[in-house]
Amino acid sequence: MTTRDWQAWHAPYDDASSFLARRLAIVQRRIREAVDAAPAGPLRAVSACAGQGRDLIGALCDHPRRHDVVARLIELDERNAEAARAAAREAGLGGVQVVAGDAGISDAYAGAVPAGLVLVCGVFGNITDGDVAHVVQRLPELCAPGATAIWTRHRLPPDLTPAIRGWFERAGFDEIGFDAPEGMIFSVGANRLRGEPRPLQPGVRLFRFVGFDALLA
């Protein structure tokens, strides 16, 4: 894994004009839409490489259905995991569990899936193209019927997002939305599983987190 300081990486979120803050606002909107559309009752959610949990926790903190959501946030950096735990406590989100572990292996999701909401935000720009394709292919193993998957990816050349959108289609997902603001390099995708979920396979390496900087180098 890259040696970048992933706790310091979150600092631009506090600047409303930063691209990270603008991306976060779109991701939170997509999360709220997914929660609004989910059937009444408990809603499971999982978040890979969750960082400080700003997307899910920020979207749920004042949502009318916030107590319906039972979530597992998986984050390798213990400092970020602890920040996410503190944020969940402050927001009164007792259903949000934060686990310090490797989201790149399927065992990290055992007991938390099938989920109606799957977040893969901040992941696809930090792993190889082949791993992106592999993750999308295996996402039905994390999903409940009709689940929503929300993902992000930069659009720097060569832009991988057209391929990613095609991979979601082939994996049995319908596209709900694709946000690619003009003048910004980021994009946010939202897809709903139309096909059948598959059982989670234990011990599978889904991806290896390489890091954006290392991939560019």
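A brief structural summary. (Residues numbered from 1 in each chain as written. Predicted model: local features only at pLDDT ≥ 70, side-chain atom pairs only at ≥ 80, totals over all residues. Heavy atoms only, no water.)

## Description of helix α4 (residues 129–138)
Operational definition: Any residue under 20% of the maximum accessible area for its type is buried, any over 50% is exposed, and the rest in between are partly exposed; the area is computed with a 1.4 Å probe on protein chains only. Strands are runs of DSSP state E lasting at least 2 residues, helices are runs of H or I lasting at least 4, and numbering of each runs from the N terminus. The directions considered for the arc run from the helix axis to the C-beta atoms. Working rule for contacts: check all heavy atoms of both residues, and any pair within 4.5 Å makes them a contact.
For α4, the set of buried residues is Asp-131, Val-132, Val-135 and Val-136. Looking straight down α4, one finds that the buried residues subtend no more than 140° of arc, so they occupy a single side. Where α4 is buried, its residues contact β4 (115–120), α5 (161–170) and β6 (173–179).

## Concerning empty space enclosed by the protein
Remark: the empty space left among the atoms is shown by a probe the size of a water molecule rolled over them. Our working rule: The pocket and cavity definitions rest on a 1 Å grid over protein atoms only: a 1.4 Å probe that fits but cannot leave marks a cavity, an open set with protein on both sides within 12 Å along at least five of seven lines marks a pocket, and residues lining either have an atom within 4 Å of a point. Grid points are joined across faces, edges and corners, and a volume is the space filled by probe spheres set on the points. Classification convention: Asp, Glu, Lys, Arg as charged; Ala, Val, Leu, Ile, Met, Phe, Trp, Tyr, Cys, Pro as nonpolar; all other residues, Gly among them, as polar.
Under the counting rule described, the total for this entry stands at one cavity of 30 Å³ or more. By volume, the largest cavity is sized at about 110 Å³. Of all elements in the fold, only β1 (43–48), β4 and α4 reach the threshold of two or more residues within the lining of the largest cavity. Residues of the lining of the largest cavity, tallied by class, amount to 12 nonpolar, two polar and two charged.

## Thoughts on the pattern of salt bridges
The condition is simple: Salt bridges are identified by distance alone: a Lys or Arg side-chain nitrogen within 4 Å of an Asp or Glu carboxyl oxygen.
Going through the model one piece at a time under the given rule, you end up with 14 salt bridges. Between Arg-29 and Asp-179 there is a salt bridge, with its nearest N and O atoms 3.2 Å apart. Of the two residues, Arg-29 is situated in helix α1 (residues 19–37) and Asp-179 in strand β6; the sequence distance between them amounts to 150 residues. Since its relative accessible area comes to 14%, Asp-179 is described here as buried.

## Focus: the environment of Ile-31
With respect to the element layout, Ile-31 can be found in helix α1. In sequence terms Ile-31 and Leu-119 are 88 residues apart; their C-alpha atoms lie 8.7 Å from each other. When neighbours within four sequence positions are excluded, Ile-31 is seen to be in contact with Asp-55, Leu-56, Ala-59, Leu-117, Leu-119 and Ile-150.

## Considering the sheet that holds strand β7 (residues 186–193)
Our working definition: Pairs of strands are assigned from DSSP output, requiring at least two bridges between the strands. Interaxial angles span 0 to 180 degrees and are taken between N-to-C directions of axes, which are lines fitted to C-alpha atoms, for helices over the stretch in contact.
Read across the sheet, seven strands follow the order β3-β2-β1-β4-β5-β7-β6 without closing on themselves; strand pairing throughout is mixed. What marks the edges here is a single partner per strand, and that holds for β3 (96–100) and β6. Between one strand and the next, the sheet's axes are offset by a mean angle of 15°, whatever the strand orientation. Examined bridge by bridge, β4 and strand β5 (residues 143–154) share five bridges and lie parallel to one another. The partner of Leu-119 across the bridge, within β5, is Ile-150. Here α1 sits on the sheet and contacts β1, β4, β5, β6 and β7; the angle it forms with β7, its principal contact strand, is near 15°. Those strands touched by α5 are β5, β6 and β7, and its axis lies near 175° from that of β5.

Honestly, that's just the spatial picture; any functional story needs more than this.
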